[in-house]
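Chains, contacts and geometry: an overview
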Amino acid sequence: MSPTAVESPPGLPARTRLAAGIGGAVSGLSRRLGRGGGSVVGGRAILVVDPDALHRLAAGHAVALVSGTNGKTTTTNLLGAALATAGPVSTNALGANQPPGLAAALAAGPPGAMAALEVDEAWLGRVVDATAPRVVALLNLSRDQLDRNNEVRQLAASWRRTFAGRARTTVVANADDPLVVWGAGAAPDVRWVGAGQPWTLDAAGCPSCGGRISFEGAAEPGWACRGCDLRRPDLDVRLEDGAIVDAAGRRTDLELALPGRANLANAAMALTVAELLGADRQRSAAAMSALGEVVGRYSSVQVGSTEARLLLAKNPAGWLEVFDVLRPAPVPVVVIINARVADGRDPSWLWDVPFERLAGRLVMASGERSRDLAVRLRYAGVEHRHQPDPVAAIGAAGARQVDVVANYTAFQGLRARLAS
Amino acid sequence: MTGRDSTVTVVLLFPDLLGTYGDSGNAVILAERLRWRGFGAEVVTVRSGDPVPAGCQLYVVGGGEDLPQALAARQLGPPTTGPLRRAVDGGAAVLAVCAGLQILGTSFVGPDGVQADGLGLVDCFTRRGTGRRAVGEMVVEPDTELGLPALSGYENHAGVTSLGAGAVPAGRVRYGVGNGDGSGTDGLWSGRVFGTYLHGPVLARNPALADRLLGWAVGTLDPLDDQEQEALRTERLAAAAAEARRGGRRRLVGGRR
């Protein structure tokens, strides 16, 4: 859904119309030159010509934002599919989630379309101010890109300031993540979804009082601070045996093509948002179930004589969800790790991933930081081989099937190579 | 010295508070390197609120954010009678990284920006820096007494640490910031306590340092096949050298792209 040089929406100031037109032209040129989707460069052009374009372009759209550390792109794609059952949708489905990508997505869509936009978690406050969203989905918060978002609880605190007293925005938030609950907790209107968060190490210290949060003891999954009254809120939406159940007890069964617990949780968030924007529950569920891949994630590709299934994991919390969807041993796993700016320059998070779980199968250590990974695997007691080149690593696994798990730029790089 | 028939305990202190940068890996590495040599070894994880054992051979404390750092310091105190002090007096070896190093000193900056009391185990104090946050690859030429090759790591901190008159730096910074007080040094070492700003985790990239700590705790050790670890160390040292040739760091404090 990259922008094209569509006619500009009526009712915009001349400057914004000009900006959108130039942005569309720049995007199109970038695409024709083979430089990717073009939305970021086109969006930058829009914001150079009209710095307030995001605010003006968002006016007149029913905007839903999706933010958090993991699952943004998948949830936004699920939401886009659900909303499309009710009307036209503008979305940054490819994941360009900072203001240029958002401006490009809004400029490209038809006037009055609903907007399903994923937003970088550190940009969320500014984007909420600019777009006055109807709904915001807050998925989870955990360590990611340690070299730049160095204090994850600072992000939670900035969310809290953003949503405190913000009328006319409904927040759909993950009740199982204490940092999200703290971040959303001051909003006047919140729907709490039991979306789960297997990773708990970033929320051990209470974001409110600094006390210890206990994740044990409750009959059902829950958590509570031992020092103050921050605890898991009562749920408005819960997951139950593969179905999504709302506060009224309405049950929506989902047969998602996307695998894993995390994607069911993403679908619960998306469905709750879609319904708030007026989409029909059953039609939304059917549309979401049909989604088979998300910008290449979960897709299978043939590499020589090997069928490779592509998975993305870019931090420890994401890895915990990926273990859940790996094919059983002895199917080899090819792990590709880079540490470019978009990945975070510090890959020491590899030591927070319980790679010990991969024992009993061959793991290929690949990518620009494959040596860090190889050392991690050695200390985890996992049989591994080192092959920095991802395509060569897939072949060297010597199997008919492999699962490939790559972090952000490693994933993009592999897809680009396989497409060429 | 500990015999091979007994189990060596590596205490990982507060990974729920001070585990932001993969530093818990240091405990895994120490225990594995003992096992590879036929020792019994276990990692005992002490979470916030749990009692801290004072009678173990190795302690590892890592880096983290301001508020958890203050909580950790409170639980390791008081300075003269706390469990970590008793462990060190009993001959234990301690690896303290970043926030862990800061709380071992006499004072550090609390979450409210005010100086907080540290454990006073080592002679240093930490202030908040006024310049850029120190983030990036780092290379340290260790103190010659340590007999170690160049150390590689990744730093990420806003604190500036100054050493007291009696303290010996862990090494001189060849690339990066380290203590950041203008002395050109990183960390400190004192007896069997080694403190540094190197993450990575530091023992993943520097197997010789891991063995120095283990040697302090259990005596002479057989060499291991560290080909993979040395390949990583060589690669990171080369990456830092290449970065230095290109003109060094340009990213800013808490920098956005």
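In this text the structure is predicted, and so the values were computed from the model without any measurement.

For the rest of this paragraph, the subject is the overall build of chain A. Within chain A, the regular secondary structure consists of 14 helices and 17 strands. Nonlocal contacts in chain A, meaning residues at least 24 apart in sequence, comprise 67% of its contacts between residues at least 6 apart.

Residues and elements named next belong to chain B. It is at 10 Å that the axes of helix α1 (residues 25-36) and helix α6 (residues 207-218) come closest, and there the two elements cross at 75 degrees. One element, α1, and the other, α6, form an angle in the roughly perpendicular class. Counting all contacts with α1, which are made through Ile29, Leu30, Arg33 and Leu34, the residues of α6 involved are Ala210, Asp211, Leu213 and Leu214. Classifying every residue of the contact of α1 with α6 by side-chain character gives six nonpolar, no polar and two charged.

Residue and element names in this part refer to chain B. Spatial strand order, β2-β1-β3-β4-β14-β13: six strands in an open sheet with mixed pairing. Since the sheet does not close on itself, it has two edges, and those belong to β2 (40-46) and β13 (188-190), each with one partner. Pairs of neighbouring strands in the sheet enclose a mean axial angle of 15 degrees, with direction left out of account. Pairing of strand β3 (residues 58-61) with strand β4 (residues 93-97) involves four bridges; the strand directions are parallel. Counted as the bridge partner of Leu58 is Ala93 from β4. Against the sheet, α6 contacts β1 (7-13), β3, β4 and β14 (193-196), and its axis sits at roughly 150 degrees relative to β4.

As a further point, take the interface of chain B and chain A. Listed by partner, the interface residues are 33 residues for chain B and 25 residues for chain A. Listed by contribution, the elements that provide at least two residues to the side of chain B that touches chain A are α1, α2 (66-76), β9 (151-157) and α7 (227-245) of chain B. Per-element accounting of the side of chain B that touches chain A gives the leading share, five residues, to α7 of chain B. Residue classes in the side of chain B that touches chain A are distributed as 13 nonpolar, 13 polar and seven charged.

Attention now goes to the confidence of the model for chain B. All names here are of chain B. Looking at chain B, pLDDT values average 91 and 95% of them are 70 or higher. Contacts for the low-pLDDT stretch residues 250-257, under 50 throughout, to residues beyond four places or in other chains number 10 contacts. Predicted complex, confidence summary: ipTM 0.94, pTM 0.91.

Let's shift gears to α7 of chain B. Helix length check: α7 of chain B, at 19 residues, gives a terminal C-alpha distance of 27 Å against a target of 27 Å (1.5 Å per residue), a fit within 8%. Taken residue by residue, α7 of chain B has Gln229, Leu232, Arg233, Arg236 and Ala240 of chain B as its buried positions. Across the axial projection of α7 of chain B, the buried residues extend over an arc of 100 degrees, all falling on one side. Away from the buried face of α7 of chain B by more than 90 degrees, exposed residues Gln227, Ala238, Ala242 and Arg245 of chain B are located. In this structure, the buried residues of α7 of chain B make contact with α12 (370-380) of chain A together with β8 (134-142), β9, β11 (171-175), α5 (202-205) and α6 of chain B. Just beyond α7 of chain B, the residue with positive phi is Gly247 of chain B, at close to 110 degrees.

Residues and elements named next belong to chain B. Read across the open sheet, the four strands follow the order β9-β8-β11-β12; overall the sheet is antiparallel. Of all the strands in the sheet, the pair left with one neighbour each is β9 and β12 (185-186). One ladder, built from two bridges, connects β11 with β12; its direction is antiparallel. Bridging across to β12, Arg172 finds its partner in Thr185. Together, β8, β9 and β11 form the strand contacts of α7, whose direction differs from that of β8 by roughly 115 degrees.

The next point concerns unusual backbone geometry. Excluding glycine, a negative phi dihedral is what most residues carry, and trans is how most peptide bonds are arranged. Look at the link from Ala329 of chain A to Pro330 of chain A: it is a cis peptide, with omega at 10 degrees. Relative to the elements of secondary structure, Pro330 of chain A occurs in the loop between α11 (316-323) and β14 (333-336). Between Gly200 of chain B and Pro201 of chain B the backbone carries a cis peptide bond, its omega angle lying at -10 degrees. Tracing the backbone shows Pro201 of chain B in the loop between β14 and α5. Despite not being glycine, Asp241 of chain A shows a phi value in the positive range, around 45 degrees. Note that Asp241 of chain A resides in the loop between β9 (237-240) and β10 (243-246).

The rules behind the values
Residues numbered from 1 in each chain as written. Chains lettered and ligands numbered in written order. Predicted model: local features only at pLDDT ≥ 70, side-chain atom pairs only at ≥ 80, totals over all residues. Helix = DSSP H or I, 4+ residues; strand = E, 2+ residues; numbered from the N terminus. Contact = placed C-beta atoms within 7 Å. Axes fitted to C-alpha atoms, helices over the stretch in contact; angles between N-to-C directions. Parallel < 35°, antiparallel > 145°, perpendicular 65-115°, else oblique. Nonpolar A, V, L, I, M, F, W, Y, C, P; charged D, E, K, R; others polar. Pairing = 2+ DSSP bridges. pLDDT = per-residue confidence, 0-100. Expected span 1.5 Å × (residues − 1). Buried ≥ 20, exposed ≤ 12 C-beta atoms within 10 Å, placed from the backbone. Arc of directions from axis to C-beta.

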